[in-house]
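Each chain, letter by letter, is given below.
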Amino acid sequence: MSLDWIYYAISWILLTWHSAWDAIGVPVGAVIGTNWAWILAIIFLVVTVRVILFPVFVKQIKSQRAMQALQPKVKELQEKHKGDRETLQKEMMELYRKEKANPLMGCLPMFLQIPVFLGLFHTLKRLNPENGGKTLYGWTVDQFNSASSAKLFTAPISGRFGSTAAELAPLGANTGTVKAIAGVLVLIMIATTYLTSRQMILKTGWAEDPQQRMVQRLMLYGIPLSLLVSGSIFPIGVIIYWVTNNLFTLGQQQWVLRKFPPLVPPKKAATTGGKSPVQPAKTGLLGRKTAQPVAKAPAAPKVAGPKPGAKPVNPKKAGNRPAKRQG
């Protein structure tokens, strides 16, 4: 299957935003070693994609809330059809259909963003002045040459942490500078990826199901750690896209979690209305469980008050007064 339509779409969005920033007056040349018009074009590529996918993201959250509300019924079905996997699957699919919950909706926004990521990766990877196909995907020669020389703090956006000196020579870049800029961006990418997963887990809570909990741990720790390796092959422009996407996700999740708060299971009451509290049930004769009432603390002894007309007695003096002798 050809992915040219993705490359054309990504290129069109990039070139449109670059032209817009150029028209506004953002300098085309490098300022502080950075071609801001191209950097902003990548950042607003993220904004464009996330705005388009926002309705899908809201549906994802609603579907997750519906799935969370159905967990008690799912557990009942699992207990009822234990050992009968085929019947359990049919019953669960019928439950999802009846309650209009889609288990796959939770992964849909991520899957829709994968083609965008691959398209940008391919587009930026081919930005090299020695590349012959400069007019592919709707680019002009001037646009291609401008993007090929675009830099972030003197590091070309098509450069990678693992780029060799021979690969960077046509771009007029220094290997040490590219490694430093790419390394810092990879660390930021890992940190923001971890924070996006942590934010969602802390708000929704850890799953009770062991398999779902394992998936949560993989999202929280596995994916960020994998970026230590994969980040070395990403062009700097792609890492800028990833970091921007993570920051956008942090803000969007915060808004959605306030708008659609996760369901919180009701807490059990500590007391039973006006009835006296009971201790945990103990097993008595014949295996029956009986509730044991809480033993009440013994009441303090009552002290009789002085008789009318009697002189007050100082307890300290009374205790130190010697007993009277008899006889």
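Residues numbered from 1 in each chain as written. Predicted model: local features only at pLDDT ≥ 70, side-chain atom pairs only at ≥ 80, totals over all residues. Heavy atoms only, no water.

**A few points about unusual backbone geometry**
Piece 1. Here the phi dihedral of Tyr137 falls at roughly 60°; this positive angle occurs in a residue that is not glycine.
Piece 2. Structurally, Tyr137 is set in the loop between helix H5 (108-125) and helix H6 (141-148).
Piece 3. One non-glycine residue, Thr154, lies in the positive phi region at around 75°.
Piece 4. Its location among the elements puts Thr154 in the loop between strand S1 (151-152) and strand S2 (155-156).
Piece 5. Owing to a relative accessible area of 41%, Thr154 belongs among the partly exposed residues under this scheme. (Helix = DSSP H or I, 4+ residues; strand = E, 2+ residues; numbered from the N terminus. Buried < 20%, exposed > 50% of the residue type's maximum accessible area, 1.4 Å probe, protein only.)

**Regarding the pattern of salt bridges**
Piece 1. Tallied over the entire structure, the rule returns three salt bridges.
Piece 2. Close ionic contact of Lys82 with Glu79 constitutes a salt bridge, the shortest N to O distance being 3.4 Å.
Piece 3. Note on Glu79: relative accessible area 57%, which makes it exposed.
Piece 4. For Arg160, the salt bridge identified is with Glu167, shortest N-O distance 3.0 Å. (Salt bridge = Lys/Arg side-chain N within 4 Å of Asp/Glu carboxyl O.)

**Points about the packing of aromatic side chains**
Piece 1. Taken as a whole, this structure holds 14 aromatic pairs when the rule is applied.
Piece 2. Taking the centre distance of 6.1 Å and the plane angle of 25° together, the rings of Trp17 and Trp21 count as stacked. Here Trp21 and Trp17 lie together in helix H1 (residues 4-24), a separation of four residues that amounts to about one turn.
Piece 3. Residue Trp21 is classed as buried on the basis of its relative accessible area of 15%.
Piece 4. Its relative accessible area of 25% is what places Trp17 among the partly exposed residues.
Piece 5. In textbook terms, an aromatic cluster arises when at least three aromatic residues are bridged by ring pairs, as seen for Phe117, Phe121, Phe234 and Trp242.
Piece 6. One residue, Lys179, lies across the ring of Phe161, its end atom 4.7 Å from the ring centre. (Phe/Tyr/Trp six-rings, centres within 6.5 Å; stacked < 30°, edge-to-face > 60°. Lys NZ or Arg CZ within 6 Å of the ring centre and 35° of its normal.)

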